[in-house]
Amino acid sequence: MGVMRLFVIGATGKTGREILDLARARGHEVTAFVRSPQKLRPAGSLRIVRGDPLRAETMAPALPGHDAVLSAIGPPPREAFRASTLVADCARATVEAMAASGVARLAIVSAAVLFPEKGFYFALFRWILQHHARDLRSMEAIVQASGLAWTIARPPRLTKEPEVNFRAARGALPPGSLSVSYRSVAAFLLDAVEQRSYVSEIVGLGQSA
Ligand SMILES: NC(=O)c1ccc[n+]([C@@H]2O[C@H](COP(=O)([O-])OP(=O)(O)OC[C@H]3O[C@@H](n4cnc5c(N)ncnc54)[C@H](OP(=O)(O)O)[C@@H]3O)[C@@H](O)[C@H]2O)c1
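Q: Can you break down unusual backbone geometry residue by residue, with the values?
A: Positive phi is not limited to glycine here, since Tyr-198 has a value of about 55 degrees. By the element assignment, Tyr-198 lies in the loop between α6 (182-195) and β10 (201-207). With relative accessibility at 19%, the residue Tyr-198 sits in the buried group. Here the phi dihedral of Ser-200 falls at roughly 60 degrees; this positive angle occurs in a residue that is not glycine. Tracing the backbone through its elements, the reader meets Ser-200 in the loop between α6 and β10.

Encoded structure:
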């Protein structure tokens, strides 16, 4: 796959920054669509566009000419425990803006808490993250109904390790997965859009065994 033009939402976040870094290291042209441009340092292959990811009309004019959208938006950690529609609202705006501008490929971050894993550990996380999980479930429904060429990644707990080191499984959490690095999630999303793999699939991620 040659150079791609990638549009990144949630680009100032921990996963988003890894997407920017890895995408540029792979030679792609990257647009970071952010509400707070001062958080990013301008660089050659990085275009920073200010906008509101909750409003399709601010996103649509910036989208034409891109090959794919990668989205890693999420609530600030303290708000993940309260009812919110942030992720679903952002997905609705993204899908609308993509449809309006003819960009068809979307790779987006969800979470492994949506898998029906058995055991105390997963039950506890499902309870703690019930509000965020509800928002993610609505986001996934919007993405799945979008008619776009989508890929949904469901990672477990995210870690700061600098390595790209992951397993991916279609429709399931890879056995024994408890965590995976932010950078691995970025690598998975980029691999998927570069290779046009995992289209219309929900993919579980986990650290390599
Ligand atoms: N953390 C984990 O262990 C874990 C595990 C599994 C799945 N996930 C999923 O991964 C997602 C991303 O995680 P992360 O740690 O990379 O997130 P993060 O560092 O908290 O970054 C969140 C991004 O969303 C943006 N954002 C938040 N609220 C916004 C709003 N109201 N309007 C516009 N932009 C907004 C932030 O922009 P600003 O910089 O402008 O605030 C930032 O770019 C999570 O939300 C979750 O769904 C996380």
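There's plenty left to go through after this.
Q: Account for the side chain of Thr-151, with residues named and values stated.
A: By secondary structure assignment, the location of Thr-151 is in strand β6 (residues 149-154). At 2.9 Å, the side chain of Thr-151 forms a polar contact with the side chain of Arg-105. Ignoring any residue separated from it by four or fewer positions in sequence, one finds Thr-151 in contact with Arg-105, Leu-106, Ala-107, Ile-108, Phe-188, Ala-192, Ser-197, Tyr-198, Val-199, Glu-201 and Val-203.

Q: Requested: an account of the environment of Asp-52, with residues and values cited.
A: Mapped onto the elements of the fold, Asp-52 is located in the loop between β3 (46-50) and α2 (56-59). For Asp-52, a relative accessible area of 26% gives the class partly exposed. Asp-52 sits 19 residues away from Phe-33 along the chain, and the two C-alpha atoms are 8.0 Å apart. Beyond its immediate chain neighbours, meaning those up to four positions away, Asp-52 contacts Phe-33 and Thr-58.

Q: So what's going on with the sheet that holds strand β4 (residues 68-71)? Residues and values would help.
A: An order of β3-β2-β1-β4-β5-β6-β10-β8 is seen for the eight strands of this open sheet, with the pairing classed as mixed. The open sheet terminates on both sides in strands that have one partner only, identified here as β3 and β8 (166-170). Averaged over all pairs of adjacent strands, the angle between strand axes in this sheet comes to 20 degrees, irrespective of strand direction. In this structure, β4 lies alongside strand β5 (residues 105-109), joined through three bridges in parallel fashion. Across the sheet, Ser-71 pairs through a bridge with Ile-108, a residue of β5. Across the sheet, helix α3 (residues 86-101) is in contact with β1 (5-9), β4 and β5; its angle to β5 comes to roughly 170 degrees.

Scoring rules and cut-offs
Residues numbered from 1 in each chain as written. Predicted model: local features only at pLDDT ≥ 70, side-chain atom pairs only at ≥ 80, totals over all residues. Heavy atoms only, no water. Helix = DSSP H or I, 4+ residues; strand = E, 2+ residues; numbered from the N terminus. Buried < 20%, exposed > 50% of the residue type's maximum accessible area, 1.4 Å probe, protein only. Polar contact = N/O pair within 3.5 Å; in protein donor to acceptor, adjacent residues only side chain to side chain. Contact = heavy atoms within 4.5 Å. Pairing = 2+ DSSP bridges. Axes fitted to C-alpha atoms, helices over the stretch in contact; angles between N-to-C directions.

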